[in-house]
Structure formats: structure tokens, C-alpha cells
Amino acid sequence: MSDASTKSVNFDTNMPKNLDQKLIRNVQSVIPKRRQQLLQWDGWGYKDSGFYTVAEKVYFSGDRYPISAKAPLVAFREWVRTNFGIEIVDDSTKSKMPTKFPDPIINEEFFEGIKKYRIDHSIHGEDRLFRCHGQTLADIHNLRNGKFTRIPDIVLWPVNHDEVVNIVKLANEANVILIPFGGGTNVTGAVTCPQDEYERCIVILDTSQMNRMLWLDKENLLACFESGIVGQDLERVLNKEGLTMGHEPDSYEFSTLGGWVATRASGMKKNVYGNIEDLVVRVKMVTSKGVLERNISAPRVSCGPDFNQIILGSEGTLGVVTEVMVKVRPLPPVKRYGSLVFPDLSSGIKCLREIAKRRCQPASIRLMDNEQFAFGQALKTEGGFFSHIGEKLKKFALTTIKGFDLEKLTVATLLFEGEKEDVDRQEKLIFEIAGRHGGFSAGATNGQKGYVLTFVIAYIRDLALDYGIVAESFETSVPWDKCEKLCYNVKAVVNEECIKRGIRFFLISCRVTQTYDAGACVYFYFGFRHNLKDDPVHTYEEIENKARGSISHHHGVGKIRAKWYKQSVSNLGVSLYKSAKIELDPKNVFANRNLLEPEDEVDFKQISAKL
Amino acid sequence: MSEKSQEYLKDYKNLLDKNINFMLQPYNPIVPIKKGRRPTPAEVKLRVLQSQKLNRYLDDVSKNKEDRQKKVFEMLQILTEIAFQRKILVIRTLGSVLSKLLNQLYTSVLINERSINSLKASFGNQQVIYLPSHRSYADFMLMSVVCFCYNVEIPAIAAGMDFHGMMGIGEALRKTGAFFMRRKFGENDFYWRLFREYMHEVITFNDQGLEFFIEGTRSRSCKALTPKTGLLSMALEPYFMGEIHNLKIVPISISYEKPLEEQLFVYELLGIPKPKESTLGFFKAITNLKNQNLGKIYFDFCEPITLNEYYGEKSKLNRFAHASEPSFVQTLDPYELNLITELGHDVVRKQQEKIVIMSFNLIALIYNEATFTGNVKNLTFWELERKVLELIHLFEGLGAIVAVDTKNLEKDIKETILIHQNILQVKGSNSNLKMIRSNVDLSNINASKLKGIALCDEVMNVAIPVVSLQLYCNPTLFWLVEPSFIILSLLEENEISIKDLKENVGKLRQIFIHEFVLYPGFSDDDFNQTLDNMISLEILHKTNHETIELNSNSKYINLLLSAIAPFINSYLNTSRVIFKNLQDKTFVEKDVFIAAQTYLEEEILKGLGNVHPYSLCLDSISLLIFSLCNAGFLLKQKKDCVNHYTINFDNLSSFVEILDNLNSKLPFEYNYFDVKKPSKL
């Protein structure tokens with residue numbers, strides 16, 4: 001008998017603390033509790049934002065992004081025609097959310113307990129369907145085609161840490177599956193229900209209603225938030241105090257602090273503010289065996305293995321993150337965009353490499369390949385990269401004097417943040433290094449537009465799907481010496497595979513999005529026009545796999561990258577993780593099946609038989 | 001006087017003998033915590049204004065920038081109202097005036113020099129909180145004078161706003177270190193936070209120590225009061241949060257042969273409220289006192305409590321718990337508040353242990369016993385002397401410090417009776433001790449301001465000397481309550497197991513928990529210690545190692561019973577009145593005051609000796625109500641900040657029964673005077 005799991009579970013944190021209730025700040029979230037009121041049910045983002053066509057002109061709707069809803073994207077249709085051989089037409093009927101949903105499997109004991117604790121809950125089909133998926137191509141495809149057979153049974157909205165403790169306790173007693181859910185922006189299948197799970201009741205623990213700022217310490221530049229706070233809400237609250245956390249993953253409008261921690265997220269501006277693991281000071285995770293947290297907030301300690309690192313990236317398999325203490329920074333007085341043009345990808349990568357070597361990266365630096373540059377041109381509202389007179393001169397200078405080939409050039413976008421003198425100095429240095437690699441400045445406006453594109457581009461995939469184009473992004477990180485090769489090889493493999501499969505219209509494009517001392521993160525977009533008879537998503541995944549994928553830089557593992565987890569952490573690493581899983585969640589309540597491949601999973605039946 | 005007491009009292013030196021000139025004496029005080037540069041009072045204020053905690057709070061409660069500005073201004077105003085200053089010239093001037101007063105009013109002001117010197121020797125690294133017992137306004141002045149004379153920095157003193165209102169005096173006190181706290185600021189969150197932050201800086205930033213009265217107010221009854229934990233927890237918060245490494249708590253015992261406010265207290269206890277403090281009233285009172293002799297004062301610093309040791313041993317306090325989050329966002333948790341409550345009780349206990357028992361305390365007890373047993377006519381001066389010696393033996397046997405000059409006993413007793421001639425008088429050595437009937441005329445008192453009823457002059461004239469006398473019994477009850485309970489439990493019993501005895505005593509402690517500040521955490525210690533002492537004093541016999549019996553020959557039995565009798569009688573009377581007159585309705589405290597005093601007045605006028613006039617005291621009535629609520633005999637509901645009560649019927653009758661039973665065990669009658677029936681009745 002293992003006494004660890006038979007003993008009554010101790011959920012008390014060993015150190016009770018009383019917070020001054022008056023200093024806790026409630027945060028009004030942009031995202032409503034009933035997400036369907038604001039968000040797209042079968043795609044990315046807000047309902048009121050996205051591409052649409054009127055009178056053969058393509059527009060981007062809404063006023064949430066700095067892209068005018070009134071000005072048509074003049075070059076877009078042409079670009080689509082050239083690359084995919086498709087005419088964009090006016091009619092694009094929006095699909096309606098289903099009205100019939102699979103019946104929930106209710107665990108009565110658990111449900112009674114939830115009611116006893118007065119925890120906010122729903123078994124409404126819409127609420128359940130809305131939380132059964134992330135944002136992978138497969139997720140959206142399954143949604144649109146009604147292919148989700150197993151969706152969550154109950155949705156819970158706990159409002160604080162204590163309620164989560166009670167939920168986890170109940171879940172262990174009643175033997176249900178708990179899947180923590182934050183912003184639902186994962187692209188790894190992380191919150192997708194195990195489709196073959198019909199024995200146990202699947203409960204979604206939606207953290208969105210625990211989103212308070214528990215305290216703010218301006219002197220030490222620390223803040224403590226509940227895990228359900230959405231990125232844009234968090235920044236808004238901090239900005240009001242003259243502060244920022246500076247963590248901006250492309251999903252930060254929707255994704256949550258707890259989600260960032262659980263997936264080891266990375267932000268665009270990590271060069272100044274750090275990735276999530278650099279920002280987190282303390283984190284509280286409710287596990288089946290109690291609350292795991294570091295009890296010290298010292299800036300750095302020499303204290304054995306850091307168990308924050310067990311929480312970071314655990315992807316909801318070990319517990320629920322409830323509260324996170326993070327570092328914050330004063331808002332930078334100056335925020336300046338910039339852009340650089342390079343004759344080709346190679347020179348761009350070399351330049352980025354040198355910038356990383358000098359450790360003079362601005363808050364963000366991203367290098368787009370020529371395909372992406374061209375795509376960016378297609379999303380311009382009026383004119384293009386070279387629309388103004390001055391810009392036209394630049395084009396002339398580029399192509400004639402510098403001898404740039406418009407089919408080969410690449411563009412880097414820059415974002416500087418800091419004191420004016422620092423930004424000036426940094427900018428000068430970057431331009432100087434760029435010059436040495438044959439590049440030069442292409443102005444601030446182009447830089448800024450590049451970053452707007454980041455947010456808008458997420459909506460294109462949904463439009464593409466309407467026209468029979470499957471598209472998705474994938475990313476990885478790579479040492480500097482292999483960076484260019486990786487870009488080349490992935491493109492080459494995709495090319496080959498597409499030709500092999502008779503796919504005529506496809507696009508593969510890449511972007512170097514983060515730089516480190518030892519390497520960079522490379523982000524690929526791949527899409528192709530499919531023949532309706534095939535299973536396009538499967539084909540897509542096949543081709544992606546042929547590119548010899550590996551573990552990701554910031555998307556996480558989830559289910560779709562589980563096949564690379566073992567090779568990344570070694571066999572012993574997997575068994576160490578499994579031991580942690582058995583220790584923290586002996587009844588496998590957190591059975592969202594992330595990280596491990598099915599054949600590697602812990603045999604909990606065998607474990608419970610031994611008890 | 002036994003050797004033990006004598007040895008102890010040897011360390012006391014008369015301050016008045018020193019003839020200190022407050023204007024000229026050099027004052028280079030030693031501070032509890034030595035800093036590189038001495039912080040100024042203005043800096044203390046500034047730090048409060050800059051505190052992150054208050055600024056975060058202001059951000060949260062302000063609607064906009066203007067509103068915030070308004071609140072900052074308000075904050076500044078409140079802070080000016082609170083903050084202390086330090087002006088040496090004012091200290092010297094006030095000191096001169098006070099020392100003159102002390103010389104005029106007191107025969108001696110005795111300071112335990114050994115305790116003050118050892119305290120001074122321990123200064124340097126820890127902030128100090130001085131917690132004097134509070135029996136008189138003089139406490140606070142005396143403390144400052146003592147500090148000046150012994151070159152200890154006068155601490156910052158948390159004082160009530162009633163002083164602040166006194167024109168000139170408030171500001172003068174402020175300049176000698178007093179800072180002012182509004183009473184009942186519970187509902188004003190903003191004020192509360194500001195004051196708490198001020199306390200925080202006084203402890204963490206300032207270097208001069210902090211003084212306040214843990215009992216919260218002067219004890220009108222001269223018994224200890226239940227420690228208030230509000231200020232104490234504010235002062236201790238930085239320690240619990242780990243902002244300061246250690247903290248020293250110094251209980252201080254001040255014993256008066258006759259408190260300045262003796263008669264005022266008596267009136268207040270009977271329901272005639274104290275006049276509002278005014279400067280004019282203050283000077284009037286001083287001039288009235290001028291020709292009085294108030295006897296001796298004993299002033300003693302108790303053994304300091306060092307928190308690291310105290311909490312380290314007792315509770316294994318884990319301050320690390322607070323380290324993981326900024327201390328300004330945290331509050332103390334219930335466990336810690338409990339630790340603070342316990343500390344408060346320990347402080348009060350330490351004060352009580354060092355309260356010096358003087359001859360008039362003993363005389364008061366003796367007079368009461370003689371009265372209750374009908375022997376007062378035989379209480380001659382010689383008899384009194386004999387009895388005093390007996391009682392010295394009893395008190396010392398129980399552990400008290402007794403300051404009676406046994407070598408010159410006659411002189412000592414005569415002097416103290418002279419000081420208290422408003423209560424007791426004796427003509428010659430062979431004549432007997434007599435209580436002096438009061439002769440007041442309260443006809444022109446504003447009846448609307450009374451807390452109870454307007455008692456008739458006859459009852460007042462009896463009650464005033466009786467209650468006055470009780471004020472001298474009360475300080476001794478710290479030592480006598482537990483033995484009395486033990487005897488009460490043993491009366492009519494042959495022998496009883498120690499375990500049963502303890503249980504019975506425990507029940508009595510529960511009834512009088514607030515009256516005598518009987519902290520449950522101390523009940524084992526109190527019981528065991530007292531049992532041992534009583535066996536040594538041969539009041540009890542151990543029949544075997546588990547059972548005990550009363551030595552019915554002990555001369556102390558009646559005395560011990562008479563000490564507790566007024567309270568048992570009072571509780572019986574009041575609970576009876578509540579049970580009879582207030583059933584089936586919701587009532588407030590004042591209803592009980594009126595009903596009880598009305599009933600008691602009638603009973604006293606009947607002259608049967610069945611009610612003790614001390615029952616008229618509103619103080620005990622309030623404490624009884626409090627006890628009854630805690631025990632569930634009364635149900636409490638708060639409406640518009642006033643407590644409303646209803647009777648929990650079945651239970652209260654059993655409570656009355658218990659008290660009736662106790663009262664009937666006491667073979668006493670309470671006939672202090674022959675009562676003259678007023679003509680109007």
C-alpha cells in the first residue's frame with residue numbers, strides 16, 4: 001500500500017496569509033464570461049473582426065485594430081488569385097453555431113458537491129462546445145464539420161483560489177477529469193477533450209472569473225494576479241499605474257496569465273522583459289495532493305531544483321495555476337518602430353545574428369522572408385510598401401542603385417522601448433550593423449504596419465478555410481548556424497511533398513521572430529488549396545511532419561507535439577515527469593493527456609490496483 | 001514585613017529626595033534603539049505620507065485626481081492631529097510643574113532603580129514598547145518624569161483625544177511626545193489605516209520607544225481590565241511581518257496609595273459620568289487637590305518580554321510565512337491575533353504581579369470581613385494591627401509584594417488611615433474603626449446625563465464610602481480570586497479530588513471571566529500555583545496525592561470569602577433583575593442599569609443587609625452582561641451600533657440558581673450603616 005494516496009488529502013497551504021482585502025483590485029475583463037457573446041465560435045478572435053468582401057473588394061471589419069474598416073485591401077484579391085488561383089467573391093455565408101450538442105455525462109456526486117460549494121457552473125451546450133477546443137487547424141476543421149463527438153460535460157467558473165481547491169478536492173473524491181481552461185488560444189490540442197473518454201465526466205475549469213489583481217508593489221516592481229486575467233486586461237490595469245509586464249505573445253488579447261505559465265509562453269518583447277519563465281517570481285498551483293508553491297519571493301535563490309519549473313509548461317497535467325506573482329516594469333517613455341530592408345534572407349539572418357552577438361536587440365526584432373513581405377503588401381489598404389512619393393524614391397533607390405531584387409528582398413521589423421537616449425543609441429547601432437550586412441532603414445511606418453499584421457494575420461486562416469485553403473503556422477527554435485538551413489530545408493521539403501501530392505497552389509513562408517545568444521525562433525506559415533475529396537487536415541499534418549518537426553519554441557507540446565516530447569527530454573526525463581505526475585495527481589484527475597504519447601502514459605489502473 | 005518583600009523594596013528609591021531641577025538638569029537620554037542619526041518627528045510624518053500602503057489605498061478609493069488631492073489634504077490634516085513632537089523646553093517646563101505637584105501631593109514617589117537600570121543596560125538594538133498599568137491620569141505624566149530623571153528618552157505616547165481637546169494642555173503634551181488617537185475609529189477605514197501606518201513608523205523608523213495603556217482606559221474599579229489588542233497588534237505587526245528583528249515589551253506597574261481620581265471613580269461607577277476634560281476643570285481639580293496628601297506611589301518596570309524568546313518558546317511562531325509577499329499587502333491572520341491576545345494577557349498579569357500591596361489595601365479587606373461577619377464593633381486598632389500582620393503573611397504566601405512597614409506598624413497604619421479619612425477613621429488605639437457616611441447633595445445634578453437612575457441621597461451616602469473602600473480591596477483580588485474560588489468549591493464538602501476541584505473552579509472562572517480578567521490560557525497555572533500556596537499556608541490539606549480538604553481552622557477562610565462576596569452578591573442581584581424584569585423583551589444595557597439600580601435602591605433602604613452596595617456599580621453590571629452573552633445566556637444583536645439583548649430563557653434561570661447557591665454559602669450580611677429611611681418614602 002502506498003500511503004501517500006490513501007491518506008486524506010491535505011489541501012491547506014502550510015502558510016496561511018491574510019491579504020488586505022482593500023488593496024485587491026477587481027478587473028473588468030474585455031472578454032465576457034459567456035465567450036460566445038463576443039468571440040467567433042468557429043475561428044479566431046472577435047466576432048466583429050475579420051475579412052469580408054463587398055463589391056469584389058476585400059475589407060477588414062471592426063475598429064479593434066489599426067487597419068481601416070472603410071479602406072479596401074486593394075492588392076489582396078490579386079495576391080490570392082496569383083498564389084491560390086481563387087477568385088474571392090462577395091458571398092461568404094457565416095456558419096451558424098450548432099444547436100444540438102452531445103449529452104453531458106454528469107457525475108452526480110461531483111455535481112452535488114459543486115452546488116453545495118455554490119460554484120458557478122453550466123452544462124449548457126454552447127458553453128461546453130466553446131471550451132472543447134483550441135485554435136489548431138484540426139480544431140477549427142472539426143468544429144465546422146461537427147466532428148467533435150466528445151465535448152466537456154460541465155463548465156465551472158471558480159472565482160478564487162479557495163474555490164479551485166474545493167473543486168480539485170471534489171474531483172478527486174468523485175473521480176472526474178478536470179481540464180483547466182484559460183483563453184482557449186492554444187494551438188496544440190491542449191484543451192481538446194480526449195475523444196475516447198466516455199467513462200469519466202469531463203469538467204472544464206474556466207479560470208476567466210478569477211482575474212483580480214491581488215496586489216501591486218511599485219517599489220519592488222512586483223504584482224500578484226489571479227491566473228485567469230487576460231493579457232490585454234492585465235496590461236491595461238498595469239498601464240494605468242504607469243507600469244507594464246511587457247509580455248506580449250501574439251495571442252495576448254485573449255490568452256491568460258495562467259495559460260502563459262502552463263505553456264511556457266514567449267512574448268514578442270522578450271528581449272526587454274523576458275519570457276514568461278523570467279517574469280514569474282512565484283506561482284501557486286493547486287494539485288490533487290495540495291498546493292504547490294515556492295514560499296519565498298527572494299529575487300534569486302540557491303535552493304535545490306526549482307519547482308516553479310515543474311509548474312511552468314505542465315500544461316494542466318499536474319494541477320491548476322491559480323495565482324501568479326510577476327515582475328513588472330515602468331512604462332517606457334519612448335516606443336519607436338523601425339524597419340530594415342535586406343537584399344535576401346541570408347543577409348538578414350546574418351545581421352540578426354550579429355545583433356544577438358552584440359546583445360543589442362531592441363524590444364522586438366523580426367525578419368520576414370520575401371513571401372511574407374509580399375503577403376504583407378497584399379494586406380495594405382492603399383498603395384503598398386512604396387506608395388508615397390518618398391517611398392517611391394526608395395523603391396527606385398532599392399532596385400536601381402542598390403540592385404535589390406524585389407523577388408528576393410527581406411524585411412526586418414523593429415520595436416524599440418526605453419528612455420529616449422537609450423533608444424536613439426540603440427537605433428543608431430542597429431542601423432550601423434544592418435549597413436554592414438547590406439541592409440538599410442526602411443522607415444518607422446513599415447515597421448509599425450508589420451506588427452499590426454501580426455494580429456490581423458490570425459484572422460486570415462478562417463477566411464482561407466472558406467475557400468478551401470488549409471493554413472496554419474508552426475514554429476521551432478534553432479541554433480544560429482542552422483537557422484538559414486532550417487528555413488531552406490523546411491521550404492524544400494514542403495515543396496517536394498506538395499508536388500508529390502499534386503498540390504498546385506500552396507504557400508510556405510517563414511519569419512525569424514526571436515533572437516537569443518545561441519539561436520533563434522523561426523516561424524513558418526504554410527497553406528495550400530486542397531481538393532475537397534481528400535482529408536486536407538490530415539494531409540497538412542503529414543506534410544508538416546515530413547518537415548521533420550521538433551519541439552516548439554513557444555506553442556507548447558499539447559497533444560499534437562507529444563510525439564517529440566520524449567526525444568526532447570530523454571527517456572529518463574519522461575519517467576521523471578511521470579513520477580511527478582503520480583505524486584501530484586495519483587488519480588489522474590488532470591487527464592487532458594498532454595505531453596505524453598498514449599503508449600508512454602502512466603497506467604493509472606495498475607497504480608490504483610496496487611493501492 | 002517579610003524578608004522577601006523587604007529585599008525587593010530595598011531597590012525602590014524616593015524620586016522626591018533627588019530634588020531634581022527640571023530646568024537645569026542635563027538631559028542626555030539613552031534611546032532604546034540606536035540609529036546612525038536620530039529620526040525627527042517630522043520625518044516620521046513624512047514617511048507615513050510616502051508609504052506605499054497608504055498611497056495604494058488612496059489610488060483605490062479616489063474617484064479621480066482631484067478627489068485624490070482632497071484625500072491627501074485630509075490625510076495631512078489628520079496626521080497633524082495625530083503626530084507627536086519633541087520640544088525639550090516644553091518637557092522641562094512641564095516637568096517642573098509636575099515635580100512641584102508631586103512634592104505637594106505625595107509623601108514619596110518610589111522608583112525601582114534596579115529595574116530601570118537593568119532596562120537601560122539592555123538598550124541599543126530593540127525598539128521598546130512600554131505598557132503601564134492605568135489607574136490614574138498621573139500614570140502618563142509620571143512615566144515621563146521618571147524617564148527624564150533617569151535619562152531615558154521619553155517615548156512616543158499614544159493618548160486619547162480627550163486630552164487633545166484641552167486647550168493648551170493637549171498641545172503641550174504633544175510636544176512631550178504624546179500622539180493622539182480618536183476613540184472608536186473602527187468604522188472610519190481611512191483614519192484607521194492612517195493611524196496604523198503612523199504606529200508602523202513609530203515602531204520601525206523612530207528610535208524613542210512607544211508607550212500606551214494596554215487596558216485602554218483608566219480602570220475606574222482599580223481592578224485590571226481585559227487587555228485591548230487593537231493598538232498592540234498595530235504595534236506588533238512590523239514584528240510579525242519580519243520588518244524588525246525583535247521587540248521588547250516592558251510592562252510597568254504603578255501602585256498608588258490613593259489615586260488622584262478616587263472620588264471621581266466612585267461617582268462614575270455609580271453612574272454619574274465624568275466631566276468632560278477641560279483646561280479649566282483640570283486646573284480646578286489641581287487646586288482642589290493642593291492640600292491633600294495622597295501618600296506613596298510605587299513605580300516598577302517589570303521584567304521585559306523579548307518577543308523572539310517569548311514567541312520562540314511558546315508558540316514556535318513562523319515569521320517566514322509573511323516573507324513571500326510584501327508586508328504592506330498582508331494583514332495578520334487569526335492565529336497571530338490570538339498570539340497577540342495572549343501576550344496582552346501576559347502583560348496585564350505581569351503588571352498585576354508587581355502591583356505593590358499597601359497597608360490600606362489590607363485594612364479595606366479587614367474592614368469588609370468584619371462588617372460582613374458582624375464583628376465590626378470589635379475591630380479596634382490593636383485588632384486591626386494583628387489582622388494586618390496576618391494578612392501580610394497571607395499575601396506573601398500567595399506571592400504578592402507587600403509594602404507595610406512592620407517595624408513601625410502603628411505609625412504606618414495611622415498614617416494611611418489619615419490619608420483615607422474620607423472613608424475610615426479611628427479615634428484612638430482602643431476605639432474601633434468606623435466608616436464615614438458620606439454627605440453629598442446631588443439634587444442639582446442633571447439627571448439626563450446619568451447612566452443609571454438618580455439614586456436617593458441616603459443610598460448615595462452609603463454607597464460612596466462603601467464603593468470607595470472597595471476600590472482598595474479590588475487591586476488585591478488578583479491574588480485572592482483563585483483562592484476564594486477554591487474555598488467556595490470546598491465549602492460543604494469533606495474532601496474532593498483535585499480534578500473535581502479544578503473543574504468547579506473552572507466553572508467559577510467562567511462566570512467571572514471578564515470581572516477579574518481570567519484568561520483561559522492561564523487557568524492551569526493559576527490553579528496549580530494557588531493550590532501549592534494554599535497548602536503551604538495551611539488553608540488546605542492534601543488528604544492524599546489526589547484529594548484535598550479545607551482546613552476549617554484556617555483564619556483566612558472568611559477573609560477570602562469576603563473578598564469575593566460583593567461580586568457574587570452583585571452578579572446574583574443583577575442576573576435576578578434581568579431574569580425577573582426584562583424577560584419577554586429586547587433591552588439595552590441602560591435598561592439593565594436602571595432596573596438593577598432601582599431594585600437595589602429599594603433593597604438597601606429596607607436595611608436587611610442582603611445586598612452589597614457595590615452591586616450598584618455599573619462596571620460590574622456591564623461585565624456581567626458581557627459574560628452572559630459569551631456564555632449564551634443572553635442573545636445579542638447589534639442595531640445602529642447599539643447592542644440589543646434578549647434572554648435565552650431556560651439557561652438564565654440555571655445561571656441565577658448557581659449564583660443563588662453560591663451566595664447562600666456565604667455567611668455574610670452587608671450592613672455597613674443603619675439605614676435611615678428617607679422621609680419622602
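Where an unreviewed UniProt entry is consulted, chain B appears under the name CLUMA_CG013002, isoform A, with the organism given as Clunio marinus. UniProt lists a comment for chain B under the heading Sequence similarities (unreviewed entry), and it reads "Belongs to the GPAT/DAPAT family." For the record of chain B, the UniProt heading Subcellular location (unreviewed entry) holds the text "Endomembrane system".

In the nomenclature of an unreviewed UniProt entry, chain A is known as Alkylglycerone-phosphate synthase of Clunio marinus. We quote the UniProt Function (unreviewed entry) comment for chain A here in full: "Catalyzes the exchange of an acyl for a long-chain alkyl group and the formation of the ether bond in the biosynthesis of ether phospholipids." As stated in UniProt under Sequence similarities (unreviewed entry), the record for chain A gives "Belongs to the FAD-binding oxidoreductase/transferase type 4 family."

### Some words on the overall build of chain A
Within chain A, the regular secondary structure consists of 20 helices and 21 strands. Taking the principal axes of the C-alpha coordinates as reference, chain A spans close to 80 × 60 × 45 Å. Put simply, chain A has 611 residues, and 59% of those count as buried. A separation of at least 24 residues holds for 76% of the contacts in chain A among residues at least 6 apart in sequence. Just so you have it, chain A exposes about 26,100 Å², and 52% of that area is on carbon and sulfur atoms. A distance of 2 Å separates the average location of the 81 positive side-chain charges in chain A from that of its 78 negative side-chain charges.

### Examining the domain arrangement of chain B
Residues and elements named next belong to chain B. Domain assignment breaks chain B into domain 1 (27-259 + 294-353), domain 2 (356-466) and domain 3 (467-681). Facing 41 residues of domain 2, the contacting portion of domain 3 comprises 47 residues. Contact between domain 2 and domain 3 buries roughly 4,100 Å² in total, counting both sides, with carbon and sulfur atoms accounting for 71%. Of all residues in domain 2, F372, L398 and V466 bury the most surface against domain 3, accounting for 19% of the area lost on that side. Scanning the region where domain 2 abuts domain 3 turns up 0 salt bridges. Joining domain 2 to domain 3, the criterion identifies 19 residue pairs in polar contact (both at pLDDT 80 or more). Broken down by element, the side of domain 2 that touches domain 3 gets its largest block of residues, 10 residues, from helix α16 (residues 359-372). Tallied by class, the residues present in the side of domain 2 that touches domain 3 amount to 27 nonpolar, 9 polar and 5 charged.

### Details of the sheet that holds strand β19 (residues 469-479) of chain A
All names here are of chain A. Spatial ordering of the open sheet is given by β18-β15-β17-β16-β20-β21-β19, a layout of 7 strands whose pairing is antiparallel. This sheet does not close on itself; its edge strands, each paired only once, are β18 (440-441) and β19. Sheet strands touched by helix α2 (residues 76-84): β19, β20 (506-515) and β21 (519-529). Its angle to β20, the strand with the most contacts, is close to 115 degrees. In the packing of helix α13 (residues 370-378) onto the sheet, the strands contacted are β16 (364-368), β17 (410-418), β20 and β21, and the crossing angle to β20 comes to about 100 degrees.

### Things to note about the sheet that holds strand β17 (residues 547-550) of chain B
Residues and elements named next belong to chain B. Pairing is antiparallel across the open sheet formed by 3 strands, whose spatial order is β15-β17-β16. With one partner strand each, in any of the chains shown, β15 (495-497) and β16 (540-542) form the two edges of the open sheet. Each strand axis lies, on average, 30 degrees off the axis of its neighbour in the sheet, ignoring direction. Its contacts with the sheet place helix α20 (residues 477-490) against β15, β16 and β17, and it is angled at close to 90 degrees to β17. Together, β15, β16 and β17 form the strand contacts of helix α21 (residues 498-511), whose direction differs from that of β15 by roughly 85 degrees.

### Considering the pairing of strand β8 (residues 213-217) of chain A
All names here are of chain A. Within β8, 5 of the 5 residues are buried, which leaves it mostly tucked inside the rest of the structure. Examined bridge by bridge, β8 and strand β9 (residues 222-226) share 4 bridges and lie antiparallel to one another. What sits directly across from L216, in β9, is A223. Hairpin connection from β8 to β9: 4 residues lie between these consecutive antiparallel strands, with L221 at a positive phi of about 55 degrees.

### Focus on the interface of chain A and chain B
In this complex, chain A contributes 22 residues to the contact, which on the side of chain B involves 23 residues. Carbon and sulfur atoms supply 48% of the area that chain A and chain B bury against each other, a total of about 2,100 Å² over both sides. The interface formed by chain A and chain B includes 7 salt bridges. For E325(B), the salt bridge identified is with R282(A), shortest N-O distance 3.4 Å. Taken together, chain A and chain B are joined by 15 residue pairs in polar contact (both at pLDDT 80 or more). If you list the elements that add at least two residues to the side of chain A that touches chain B, you get β1 (18-19) and β8 of chain A. Looking at which element gives the most residues to the side of chain A that touches chain B, the answer is β8(A), with 4 residues. Class assignment for the residues of the side of chain A that touches chain B results in 10 nonpolar, 3 polar and 9 charged. Pairing of β1(A) with strand β10 (residues 330-331) of chain B involves 2 bridges; the strand directions are antiparallel. Considered in β10(B), the bridge of N18(A) is made with T331(B).

### Digging into the environment of L469(B)
Along the polypeptide, L469(B) turns up in helix α19 (residues 457-473). Distance from L469(B) to L398(B), taken between C-alpha atoms, is 22 Å for residues 71 residues apart in sequence.

### Points about the packing of aromatic side chains
Residue and element names in this part refer to chain A. Tallied over the entire structure, the rule returns 49 aromatic pairs over all chains. Taken together, a centroid distance of 6.1 Å and an interplanar angle of 55 degrees make the contact between Y252 and F455 tilted. Taken together, the residues span a long stretch of sequence, with Y252 in the loop between β10 (243-244) and α8 (257-263) and F455 in helix α16 (residues 444-466) at a distance of 203 residues. For the pair shown, Y252 and F455 are each scored as buried.

### Here's the deal with the packing of helix α11 (residues 230-240) of chain B against helix α15 (residues 334-353) of chain B
Residue and element names in this part refer to chain B. Packing of α11 against α15 brings their axes to within 11 Å, and their N-to-C directions diverge by 120 degrees. Relative to α15, the element α11 is oriented oblique. Once α11 is placed against α15, the crossing between them reads as right-handed. Between α11 and α15, the contacting residues are L232, S233, L236 and F240 on the first element and E336, L337, L339, I340, L343 and G344 on the second.

### Focus on the UniProt feature "domain: FAD-binding PCMH-type" (unreviewed entry) in chain A
The UniProt feature table records "domain: FAD-binding PCMH-type" (unreviewed entry) at residues 148-331 of chain A. In the segment residues 148-331 of chain A, helix accounts for 23% and strand for 26%; the C-alpha atoms at its two ends are 44 Å apart.

What counts and how
- Residues numbered from 1 in each chain as written.
- Chains lettered and ligands numbered in written order.
- Predicted model: local features only at pLDDT ≥ 70, side-chain atom pairs only at ≥ 80, totals over all residues.
- Heavy atoms only, no water.
- UniProt positions renumbered as here; feature names shortened; annotations may be inferred.
- Helix = DSSP H or I, 4+ residues; strand = E, 2+ residues; numbered from the N terminus.
- Buried < 20%, exposed > 50% of the residue type's maximum accessible area, 1.4 Å probe, protein only.
- Contact = heavy atoms within 4.5 Å.
- Areas by Shrake-Rupley, 256 points an atom, 1.4 Å probe, with all protein chains shown as cover.
- Lys, Arg positive; Asp, Glu negative; His and termini not counted.
- Charge placed at Lys NZ, Arg CZ, Asp CG, Glu CD.
- Domains from an automatic or database assignment.
- Buried area = accessible area lost by both parts, 1.4 Å probe.
- Salt bridge = Lys/Arg side-chain N within 4 Å of Asp/Glu carboxyl O.
- Polar contact = N/O pair within 3.5 Å; in protein donor to acceptor, adjacent residues only side chain to side chain.
- Nonpolar A, V, L, I, M, F, W, Y, C, P; charged D, E, K, R; others polar.
- Pairing = 2+ DSSP bridges.
- Axes fitted to C-alpha atoms, helices over the stretch in contact; angles between N-to-C directions.
- Phe/Tyr/Trp six-rings, centres within 6.5 Å; stacked < 30°, edge-to-face > 60°.
- Parallel < 35°, antiparallel > 145°, perpendicular 65-115°, else oblique.
- Left-handed = near helix turned anticlockwise from the far one by under 90°.

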